[in-house]
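Residues per chain, in single letters:
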Amino acid sequence: MSKADASDSMRASASLAPSATSAPSGGMAAPWPETLEARVAQLLADGERVTLLTVISRTGSAPRDAGTRALYTLNGPEGTVGGGLLEARAFEAAAQSLFMGTSSQVSCDMSGFTPDSDMICGGGMDVLCEVLTPDKAPLFALAAQALRSGVGGVWVVDVNREPPLRRLYLDSLPENPDPATGSALPPDASLDITPVRALLAQRKGRPGLVIKDACRIYVEPLAAPPVLLLCGGGHVSLEVARLAHVCGFIVDVVDDRPEFSNPQRFPMARRCHVLPDYENLVEACGIGRHHYVAVITRGHGFDRETLAQALTSHAQYIGMIGSKTKRDQIYAILRGQGVPDAELAAVCCPIGLTIEAETPQQIAVSIVAELLAVQAGTLKRLRFEE
């Protein structure tokens, strides 16, 4: 990570500032749905049939774990299940399933120990190619609503059947149901999650296959993608937004200037907030335990203010751009305001892994790599202080 501080980011941003456009303080939705469930619901509601590819099991050192998903639509593939020959075979099967209207499964041996081994990663993978028809639109719309509302749930798929029997179990109905689907519970959804808790427990809360009454049952927690809130809409934030989005993060942006926080500048963002002086940051942006917050504003004062507010949010990750000198000055002020040392010690500053990054693009790589390390639980091993 470079030692560039927020004022440097502000000067660089100002030199190539976008033209001023108005943006509502409440933000605007991104042109693409933020979850696979929402994307499937959209396609099915439009009357399309799609194939959902899901890695349902993995052994050894296969490239992707159970729970990896992709789509095959009338326009071709969306997403990836691991690349290489496995993916080519899986998409070929998905296309055939879509054409025939019949689900299928693809197994790939990557051990390298047999003449039929497809790849030599080690291990193997099974991919379910599940054909979804428009009558499933309400089910996936409900799942998308649950993800947006933070409602917990579990997908359960009996893969022995044709078509596979998919059901959704939710802790509760999501608030503010979509007017297009209403509040009625689809017949293949349930609000009693008790029957499937034991199945999920067998997988220790992770996606994968379990055996029940000689049947192969795939279970998958309904888990929302992590949300990255970028405080500041300058050049570094723009590059971070681009990279974080393709790495699976939902991206929200907040700035005190409408020309730096709008859907035209951040088309990949779910919401673009405009908050004068960053007031009521936590409430306005809905920061919670699943949020990752990157403080990259246009000045030290705003960095200090947004950091102080973010520390009250219990966000999973908080990082702040800047040199160690800037960090120490800001921390001294916050300590004087009563912020405990333990809370400040949890902030990643300078933000990003130490890779001697200098350009906005390089800094974005270091920041997103750090976010991914937090997700994987490897941050302490990867983060080094100079």
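For the structure itself, consult the block above.
Described below are features of the structure shown in this document.

What counts and what doesn't
- Residues numbered from 1 in each chain as written.
- Predicted model: local features only at pLDDT ≥ 70, side-chain atom pairs only at ≥ 80, totals over all residues.
- Heavy atoms only, no water.
- Helix = DSSP H or I, 4+ residues; strand = E, 2+ residues; numbered from the N terminus.
- Buried < 20%, exposed > 50% of the residue type's maximum accessible area, 1.4 Å probe, protein only.
- Contact = heavy atoms within 4.5 Å.
- Areas by Shrake-Rupley, 256 points an atom, 1.4 Å probe, with all protein chains shown as cover.
- Patch = residues over 30% accessible without salt bridge, like charges linked within 9 Å, V, L, I, M, F, W, Y side chains within 5 Å.
- Salt bridge = Lys/Arg side-chain N within 4 Å of Asp/Glu carboxyl O.
- Phe/Tyr/Trp six-rings, centres within 6.5 Å; stacked < 30°, edge-to-face > 60°.
- Lys NZ or Arg CZ within 6 Å of the ring centre and 35° of its normal.
- Polar contact = N/O pair within 3.5 Å; in protein donor to acceptor, adjacent residues only side chain to side chain.
- Pairing = 2+ DSSP bridges.
- Axes fitted to C-alpha atoms, helices over the stretch in contact; angles between N-to-C directions.

### So, the overall build of the protein chain
Thought 1: Within the protein chain one finds 12 helices and 15 strands.
Thought 2: Looking at the 386 residues of the protein chain, the share that counts as buried comes to 51%.
Thought 3: Across the protein chain, every contact between residues at least 6 apart in sequence was considered, and the portion connecting residues at least 24 apart equals 62%.
Thought 4: For the protein chain, the accessible surface area stands at approximately 17600 Å², while carbon and sulfur atoms represent 54% of it.

### Considering a nonpolar patch on the surface
Thought 1: Where nonpolar side chains cluster on the molecular surface, the patch consists of L173, L185 and L191 and spans about 230 Å² of accessible area.
Thought 2: For L173, a relative accessible area of 37% corresponds to the partly exposed category.

### Here's the deal with the packing of aromatic side chains
Thought 1: Applying the stated criterion to the full structure yields 5 aromatic pairs.
Thought 2: Relative to Y292, the ring of F249 lies with its centre 5.4 Å away and its plane at 85 degrees, an arrangement referred to as edge-to-face. Of this pair, F249 sits in the loop between α6 (235-246) and β12 (250-255) while Y292 sits in strand β14 (residues 291-295), and the two are 43 residues apart along the sequence. We note that F249, like Y292, is buried.
Thought 3: If you follow R166 out to its NZ or CZ, it ends over the ring of W155, 4.7 Å from the centre.
Thought 4: Across the ring face of F260, the terminal group of R257 is positioned such that the distance to the ring centre comes to 3.8 Å.

### Observations regarding the environment of A369
Thought 1: The residue A369 is located in helix α11 (residues 360-376) in this model.
Thought 2: When the C-alpha positions of A369 and L243 are compared, they lie 9.8 Å apart, and in sequence the two are 126 residues distant.

### Focus: the side chain of R327
Thought 1: Within the fold, R327 resides in helix α9 (residues 324-336).
Thought 2: The buried category is assigned to R327, whose relative accessible area is 15%.
Thought 3: Here D328 takes part through its side chain, which lies 3.4 Å from a polar atom of the side chain of R327.

### Describing the sheet that holds strand β9 (residues 208-212)
Thought 1: The strand order across the open sheet built from 5 strands is β8-β7-β6-β10-β9, with neighbouring strands paired in mixed fashion. The open sheet is flanked by β8 (189-190) and β9, the only strands paired with a single partner.
Thought 2: Where strand β7 (residues 165-170) meets β8, 2 bridges bridge the pair, whose relative direction is parallel. By the bridge assignment, Y169 is partnered in β8 with S190.
Thought 3: Docked against the sheet, helix α5 (residues 194-202) engages β6 (153-158), β7, β9 and β10 (215-221), running at close to 90 degrees with respect to β10.

### Section: the sheet that holds strand β15 (residues 317-320)
Thought 1: Reading across the sheet, the 5 strands line up as β13-β12-β11-β14-β15 and stay open at both edges, with parallel pairing between neighbours. Pairing within the sheet leaves two strands with one partner each, and these edge strands are β13 (271-274) and β15. Each strand axis lies, on average, 15 degrees off the axis of its neighbour in the sheet, ignoring direction.
Thought 2: The pairing of β12 with β13 spans 4 bridges and is classified as parallel.

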